[in-house]
Amino acid sequence: MADEVEMFFFPFMGGGHQIPMIDIARLFASHGVKSTIVVAPNNALSFQRSIARDQDSGRPISIHPLDLPPGSKPPNSDMSATPFTDTSMLQEPLRLLLIARQPDCIVVDMFHRWSADVIDAVGVPRIVFNGNGCFSRYAQQLMRIYEPHEKVQSEYEPFEIPGLPDRIVMTRSQLPHFHKSQGGGKPRGRMWNSEDRSLGVVMNSFIDLEPAYVEGFKKEMAKKAWVVGPVSLCNRNVEDKAERGQQAAIDEQSCLSWLNAKETNSVLYVSFGSLARLTPKQLLEIAYGLEASGCSFIWAVGKIFKPSENGEGSREDWLPSGFEERLKESGKGLIIKGWAPQLLILEHPSVGGYMTHCGWNSTLEGVSAGVPMVTFPHSAEQFFNEKLITDVLRIGVQVGSMEWTSWNAEPGPPVGREKVEAAVRKVMDGGEEAAEMRRKAKDLGEKAKRAVEQGGSSYEDAEALIQELKSRKKV
Ligand code: UDP
């Protein structure tokens, strides 16, 4: 059909990038766009069932596995990829596919660093997805311009980021290495330049969450930006929520019946995302802190850093003695060793708080579920997301994390158990401050849902992008 819009989606591997891009493809298919997810041959396993369900319900969505050139190995698949996983073996198959199919646009993850030149040469309109929110993008841009971190005397002397609508105070110790390295303040490498040459960017956020920052980002940083989130809200049935990302390490029924037996808002969900590797020492402090808080919790223990071999440790090394037995007896805690069905857990009425590493997807998922948060950032732009949660939105309490760590480096000294306990109590104990945070969080959760419904800001921005692609067809 002449009027039919066809969009390609080219996700990067790894939890924080692949998961939202699949949701974005599903979201545009729900708007009637013919959506094709382009992947390496081994990369569709984790989401093909949800796509099959969409197809069964009549949505125009499909997966296109690329044929690799003979002899080349596919990239690390799915959740084990890192931000530097090389995907350049996909370059030629992608180029050939674009020439053959000429879609109306391709939405591409910025971590495919080589992709801009290839796509632009073929002449297919390119839209970039970088996985961040507008607050962190805008705040980091002002850091680049004003370099407030260059004017302090130590790693721990606080500085304020100039020019923001809210007062945001950070320390150098919380900044990503690339802000501090020589020339780090100056904009920006190949990955970012490719954004300037694109048709625009698609953002996983919504206007009511960060209105001033969406505006700042749109006006001052993006050529064009379509703000279409929270995209996780396109997962509407239990199967989609339970299987999102990868197979969960717990069956959904036992998880749900454990939660069903708890009172409303009484459970804290604890998770640090798909990539962070916590040290055994840090896990021990968290275990003691959680136990001392007296609060019920579900703790998804992901990867563990083993200092001696710079590898991953066993999940059993770090438990305080008798910890799991005590939890079983008291019924106070459920430990998930591996992947958790995060959306199902967060949306359960018994969950009343979320200890998070402040990855952008997790932040938005906590917001959408309407739960206040204990913020425990580690890496990437997570310290900026923390400030949004605690200092702008005021729906969270900082655990007191001070040290930014690269995803592949040994984390610094642990945050102590007293800090963990204190932050959990502040969010979960039901005092006046906690009640106010909970009220604000619930309100934002409602706004998130409205944003993606027909007539909501994100729904309309998705429509605006579709209209733009239609009008480009006509010229
Ligand atoms: N996630 C999940 N179960 C887990 C860990 C992570 O479903 O046990 C999902 C989570 O819901 C989110 C994504 O993985 O959608 C993590 O993305 P985020 O940006 O929060 O953090 P990253 O993993 O990139 O650090």
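- Per an unreviewed UniProt entry, the recorded name for the protein is Glycosyltransferase, and the organism is Eucalyptus grandis.
- Its UniProt record gives the protein a comment under Sequence similarities (unreviewed entry), which states: "Belongs to the UDP-glycosyltransferase family."

### Some thoughts on the overall build of the protein
(1) Moving on: Scanning the protein for helices and strands turns up 18 helices and 18 strands.
(2) Moving on: Taking 475 residues into account, the globule formula puts the C-alpha radius of gyration at 23 Å, and the protein, at 22 Å, falls close to it.
(3) Moving on: When its C-alpha atoms are laid out on the principal axes, the protein stretches across 65 × 55 × 50 Å.
(4) Moving on: Every one of the 475 residues in the protein was classed for burial, and the buried ones make up 58%.
(5) Moving on: In the structure as shown, the protein presents an accessible area of about 19,200 Å², 50% of it carried by carbon and sulfur atoms.
(6) Moving on: Between the averaged position of the 54 positive side-chain charges in the protein and that of its 61 negative side-chain charges there is a distance of 2 Å.

### Looking at the site of the ligand
(1) Moving on: The full set close to the ligand counts 15 residues, and Ser 274, Ala 340, Asn 361, Ser 362 and Glu 365 are the nearest of them.
(2) Moving on: Measuring from an oxygen atom of the ligand, one finds a side-chain N or O atom of Arg 244 at 3.5 Å.
(3) Moving on: A distance of 2.7 Å separates an oxygen atom of the ligand from a polar atom in the side chain of Asn 361.
(4) Moving on: Its free accessible area being 530 Å², the ligand has 93% of it covered by the protein chains.
(5) Moving on: When contributions to the shell around the ligand are tallied by element, the ones reaching two or more residues are α1 (15-30) and α14 (360-369).

### What about the packing of aromatic side chains?
(1) Moving on: In total, this model carries eight aromatic pairs according to the counting rule given.
(2) Moving on: Taking the centre distance of 5.2 Å and the plane angle of 25° together, the rings of Tyr 269 and Tyr 354 count as stacked. Within this pair, whereas Tyr 269 is found in strand β10 (residues 267-271), its partner Tyr 354 is found in strand β16 (residues 351-356), the two being separated by 85 residues in sequence.
(3) Moving on: When its relative accessible area of 0% is taken as the criterion, Tyr 354 is described as buried.

### Notes on unusual backbone geometry
(1) Moving on: With an omega of 0°, the peptide bond between Gly 229 and Pro 230 qualifies as cis.
(2) Moving on: Of note, Pro 230 is situated in the loop between β9 (225-227) and α9 (238-243).
(3) Moving on: In this structure, Asn 265 is a non-glycine residue whose phi angle is positive, near 60°.
(4) Moving on: By the element assignment, Asn 265 lies in the loop between α10 (252-260) and β10.
(5) Moving on: A relative accessible area of 21% places Asn 265 in the partly exposed class.
(6) Moving on: The phi dihedral of Arg 394 is positive, around 55°, even though this residue is not glycine.
(7) Moving on: Classification of Arg 394 by relative accessible area gives partly exposed; the value is 48%.

### Re the sheet that holds strand β18 (residues 396-398)
(1) Moving on: With parallel pairing, six strands are arranged side by side in an open sheet as β15-β12-β10-β16-β17-β18. Looking at which strands have only one partner, the edges of the open sheet turn out to be β15 (333-337) and β18. The sheet shows a mean angle of 15° between the axes of neighbouring strands, taken without regard to direction.
(2) Moving on: Both β10 and β16 contribute to a ladder of five bridges, which runs parallel.

### Description of the pattern of salt bridges
(1) Moving on: Enumeration over the complete set of coordinates arrives at 33 salt bridges.
(2) Moving on: With a closest N to O distance of 2.9 Å, Arg 244 and Asp 23 form a salt bridge. One end of the pair, Arg 244, is in the loop between α9 and α10; the other, Asp 23, is in helix α1, and 221 residues separate them in sequence. With respect to class, Arg 244 is no different from Asp 23; both count as buried.
(3) Moving on: For Arg 425, the salt bridge is made with Glu 421, and the minimal N-O distance between the two is 2.9 Å. Placement of both Arg 425 and Glu 421 in helix α16 (residues 417-428) is noted, with a separation of four residues, approximately one turn of the helix.
(4) Moving on: A relative accessible area of 33% places Arg 425 in the partly exposed class.
(5) Moving on: Overall, Glu 421 belongs to the partly exposed group, its relative accessible area being 23%.
(6) Moving on: One network of salt bridges, in which partners are shared, links Asp 23, Arg 26, Arg 49, Arg 53, Asp 54, Asp 240, Glu 243, Arg 244 and Glu 365.

### Brief notes about the sheet that holds strand β4 (residues 105-109)
(1) Moving on: Read across the sheet, seven strands follow the order β3-β2-β1-β4-β5-β8-β9 without closing on themselves; strand pairing throughout is parallel. Of all the strands in the sheet, the pair left with one neighbour each is β3 (61-65) and β9. The average undirected angle you get between the axes of adjacent strands in this sheet is 25°.
(2) Moving on: Relative to the sheet, helix α3 (residues 91-101) contacts β1 (6-10), β2 (34-39), β3 and β4, its axis offset from that of β1 by approximately 175°.
(3) Moving on: Helix α8 (residues 211-220) rests against β8 (200-203) and β9 of the sheet, and its axis sits at about 160° to β9.

Rules used in this analysis
- Residues numbered from 1 in each chain as written.
- Predicted model: local features only at pLDDT ≥ 70, side-chain atom pairs only at ≥ 80, totals over all residues.
- Heavy atoms only, no water.
- UniProt positions renumbered as here; feature names shortened; annotations may be inferred.
- Helix = DSSP H or I, 4+ residues; strand = E, 2+ residues; numbered from the N terminus.
- Rg over C-alpha atoms; globule rule 2.2 N^0.38 Å.
- Buried < 20%, exposed > 50% of the residue type's maximum accessible area, 1.4 Å probe, protein only.
- Areas by Shrake-Rupley, 256 points an atom, 1.4 Å probe, with all protein chains shown as cover.
- Lys, Arg positive; Asp, Glu negative; His and termini not counted.
- Charge placed at Lys NZ, Arg CZ, Asp CG, Glu CD.
- Near = heavy atom within 4 Å.
- Polar contact = N/O pair within 3.5 Å; in protein donor to acceptor, adjacent residues only side chain to side chain.
- Phe/Tyr/Trp six-rings, centres within 6.5 Å; stacked < 30°, edge-to-face > 60°.
- Pairing = 2+ DSSP bridges.
- Axes fitted to C-alpha atoms, helices over the stretch in contact; angles between N-to-C directions.
- Salt bridge = Lys/Arg side-chain N within 4 Å of Asp/Glu carboxyl O.
- Contact = heavy atoms within 4.5 Å.

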